Amino acid sequence: MANIKTALIIGGGIAGPVTALALRKAGIEATVHEAYPSSAQGVGGTLMVAPNGLDALRIIGADEAVRAIGLPITRMVMANGRGKSVGEFPGLPGMPPSLLIWRSELCRVLHRHAAAHGVSVEYGKRVIGVDQTATGITARFSDGSNASADVLIGADGIRSAVRMLIDPQAPGPQYTGLLGFGGRAMGSDAIGRPGAMHFVHGKHAFLGHWMEPDGSAMWFGNLPHPTPLTAAEARAVPAAQWLETLREVYRYDVPGGALLAHTSPEQLLVTGAGEILPPVPRWHRGRMVLVGDAAHAPSSSSGQGASLAMESAIQLARCLRDLPDVATAFLAYERLRRPRVEKVAADAARTNNRKASGPVAKAMFSLLMPIAMKTFFTPEKMFGSLHGYRIDWDDVVTA
Ligand SMILES: Cc1cc2nc3c(=O)[nH]c(=O)nc-3n(C[C@H](O)[C@H](O)[C@H](O)COP(=O)(O)OP(=O)(O)OC[C@H]3O[C@@H](n4cnc5c(N)ncnc54)[C@H](O)[C@@H]3O)c2cc1C
């Protein structure tokens, strides 16, 4: 063991509490420091927790609590804008379904689980600097306070401050060329199939939708847009104005036209620019290391951001548990994680290109997809190694 007894975790989103719980299981005491003054109540839209993420949560005993708040997605249906299904992916045999979860709910459950296991979370602690010595590290916070431990773990998301402290030349997030929207369609006839996530490559833009247990329809869309807008900038535009644009964009699509027609301005969710993080050259320096979106944030198209963060959290804890010093542990962690997360990010970038493509490419997609489904896009090839990733907690990590 790297003789690590204590850890400071910066960021109390998803990776933060999972890392704290995994470290605790490894015998390391961790405290979470979150920049926001309170928990993530009501913040964020929905995200997917895939079978690989759920299995990571099983290791820290949080899988059942998370399962209880998720909507199981048992099938993915790809369709073109005329409403014609061009491919279906059922869940893989022997694997649990992916879960669709409100991010704020996931945060709430993970924080509750962490508190029940003695992890303390300090709010209003925005890290602004660090001081490292041969034996420890001290984080400095914007409120003038500081905290010390053996290692510091940056779980502070796609705009990570810790990433910049590790390497001031580190890349930041890049705009995907797509703005994100979502909403609930009220009072429409049933749209979609229960338990299915539908992905529609429409005439002008992409749209995903699913049916809630009460029969109402939820949707999310990606609108190609030349310039990035933060969520705040996008929300400064009146919702009614965005709705008008979205209705025009989706008016010829099935069921996009109906979904947008039944969404009111009050039910429109505006999330701003879609972002992707290019490969981060340095994941660690001295006693600092990154986990989750701070190190690897694939586009939301992957449906893997949260699940990869959970996997990385568990693997980092195993490395710190088993290896003789911090440097060896961080190197082993990077070796275990980098190839997998960079492959997922590259695949998601290709999906984004398809979403932003023009009408000709969209027509080709619609034509070729059914053929591809019979050959190389089989569910096993698409999701086997992605969703089937399992971590053996008891296996000892070697350098
Ligand atoms: C407000 C918000 C809303 C989101 N909504 C969605 C969504 O609707 N759909 C989706 O798929 N993904 C969403 N995400 C991203 C999603 O949570 C992540 O992709 C994924 O779950 C990995 O989690 P993470 O813990 O690595 O990063 P995040 O979930 O981004 O958590 C990072 C945490 O670090 C904190 N932090 C940042 N800087 C500092 C600092 N300097 N000091 C201390 N703390 C800091 C942040 O406040 C945040 O709580 C959202 C993230 C945030 C922060």
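Just so you know, these numbers come straight off a predicted model, no measurement behind them.

What counts, and at which threshold
- Residues numbered from 1 in each chain as written.
- Predicted model: local features only at pLDDT ≥ 70, side-chain atom pairs only at ≥ 80, totals over all residues.
- Heavy atoms only, no water.
- Helix = DSSP H or I, 4+ residues; strand = E, 2+ residues; numbered from the N terminus.
- Rg over C-alpha atoms; globule rule 2.2 N^0.38 Å.
- Buried < 20%, exposed > 50% of the residue type's maximum accessible area, 1.4 Å probe, protein only.
- Contact = heavy atoms within 4.5 Å.
- Areas by Shrake-Rupley, 256 points an atom, 1.4 Å probe, with all protein chains shown as cover.
- Domains from an automatic or database assignment.
- Salt bridge = Lys/Arg side-chain N within 4 Å of Asp/Glu carboxyl O.
- Polar contact = N/O pair within 3.5 Å; in protein donor to acceptor, adjacent residues only side chain to side chain.
- Nonpolar A, V, L, I, M, F, W, Y, C, P; charged D, E, K, R; others polar.
- Near = heavy atom within 4 Å.
- Axes fitted to C-alpha atoms, helices over the stretch in contact; angles between N-to-C directions.
- Left-handed = near helix turned anticlockwise from the far one by under 90°.
- Pairing = 2+ DSSP bridges.

## Focus: the overall build of the protein chain
The helix and strand tally for the protein chain stands at twelve helices and 19 strands. In terms of overall size, the protein chain behaves like a compact globule, its C-alpha atoms giving a radius of gyration of 21 Å where 399 residues would be expected to give roughly 21 Å. Seen through its C-alpha atoms, the protein chain measures out along the principal axes to roughly 65 × 45 × 40 Å. With 399 residues in all, the protein chain has 54% of them scored as buried. In the protein chain, 73% of the contacts between residues at least 6 apart in sequence involve partners at least 24 apart. Roughly 17000 Å² of accessible area belongs to the protein chain as shown, and the carbon and sulfur atoms make up 57% of that amount.

## Description of the domain arrangement of the protein chain
Domain boundaries assigned for the protein chain yield domain 1 (6–73 + 97–173 + 277–358) and domain 2 (174–276). A separation of 28 Å is found between the C-alpha centroids of domain 1 and domain 2. If you look at the interface, domain 1 gives 22 residues, while domain 2 gives 19 residues. Linking domain 1 to domain 2 there are one salt bridge. The partner of arginine 159 in a salt bridge is glutamate 275, with the nearest N and O atoms 2.5 Å apart. Our count for the contact surface shared by domain 1 and domain 2 stands at one residue pair in polar contact (both at pLDDT 80 or more). Of all the secondary-structure elements, those providing two or more residues to the side of domain 1 that touches domain 2 are strand S3 (46–49), strand S4 (71–73), strand S7 (98–102) and helix H10 (326–355). A per-class count over the side of domain 1 that touches domain 2 returns 14 nonpolar, five polar and three charged.

## Comments concerning the site of the ligand
Around the ligand, a shell composed of 28 residues is seen, among which Ala15, Glu34, Gly45, Arg103 and Asp293 lie nearest. Within the contact set of the ligand, an oxygen atom lies 2.7 Å away from a backbone nitrogen or oxygen of alanine 15. Within the complex, the protein chains bury 80% of what would otherwise be the 920 Å² of accessible surface of the ligand.

## Describing the pattern of salt bridges
Within the structure shown, the criterion is met by 18 salt bridges. Within the structure, one salt-bridge network assembled from shared partners comprises Asp55, Arg58 and Arg390.

## Side note on the packing of helix H2 (residues 51–59) against helix H9 (residues 305–322)
Packing of H2 against H9 brings their axes to within 8 Å, and their N-to-C directions diverge by 35°. Crossing of H2 against H9: the hand is left-handed. Residues Asn52, Gly53, Ala56, Leu57 and Ile59 of H2 touch H9, and the partners they reach there are Ser307, Met310, Glu311 and Ile314. Taken together, the residues that form the contact of H2 with H9 break down as five nonpolar, three polar and one charged.

## A few points about the sheet that holds strand S6 (residues 85–90)
Read across the open sheet, the seven strands follow the order S6-S5-S14-S15-S16-S13-S17; overall the sheet is mixed. The outermost strands of the open sheet, each flanked by one partner alone, are S6 and strand S17 (268–276). Across this sheet, the average inter-strand angle for adjacent strands is 20°, counted without regard to direction. Inspection of the sheet shows strand S14 (residues 196–201) paired to strand S15 (residues 206–211) by five bridges, in the antiparallel sense. Bridging from a neighbouring strand, histidine 201 pairs with phenylalanine 206 of S15. Lying on the sheet, helix H7 (residues 239–250) is in contact with strand S13 (174–185), S15, strand S16 (217–224) and S17; it crosses S16 at an angle near 85°.

## Examining the sheet that holds strand S9 (residues 127–132)
A sheet is described by the order of its strands in space; here three strands give the open sequence S9-S10-S11, paired in antiparallel fashion. The open sheet is flanked by S9 and strand S11 (146–149), the only strands paired with a single partner. Across the sheet, the mean angle from the axis of one strand to that of its neighbour is 20°, orientation sign disregarded. One ladder, built from five bridges, connects S9 with strand S10 (residues 137–141); its direction is antiparallel. In the sheet register, aspartate 131 faces S10, and the bridge partner there is threonine 138.

## Quick notes on the environment of arginine 390
Tracing the backbone through its elements, the reader meets arginine 390 in the segment after helix H12 (379–387). Put simply, arginine 390 and aspartate 55 are 335 residues apart on the chain and 6.7 Å apart in space, counted from C-alpha to C-alpha. Among all residues touching arginine 390, those that are not within four sequence positions of it are Pro51, Asn52, Asp55 and Met95. A distance of 2.9 Å separates a polar atom in the side chain of arginine 390 from the backbone oxygen of histidine 387.

## Digging into the pairing of strand S12 (residues 151–154)
The side-chain alternation of S12 yields two buried faces, one formed by Val151 and Ile153 and the other by Leu152 and Gly154. When strand S1 (residues 6–10) meets S12, the two strands line up parallel, connected through four bridges. Following the sheet pairing, alanine 7 is matched in S12 by valine 151. Note that S12 and strand S19 (residues 288–290) share three bridges and pair parallel. Considered in S19, the bridge of leucine 152 is made with methionine 288.

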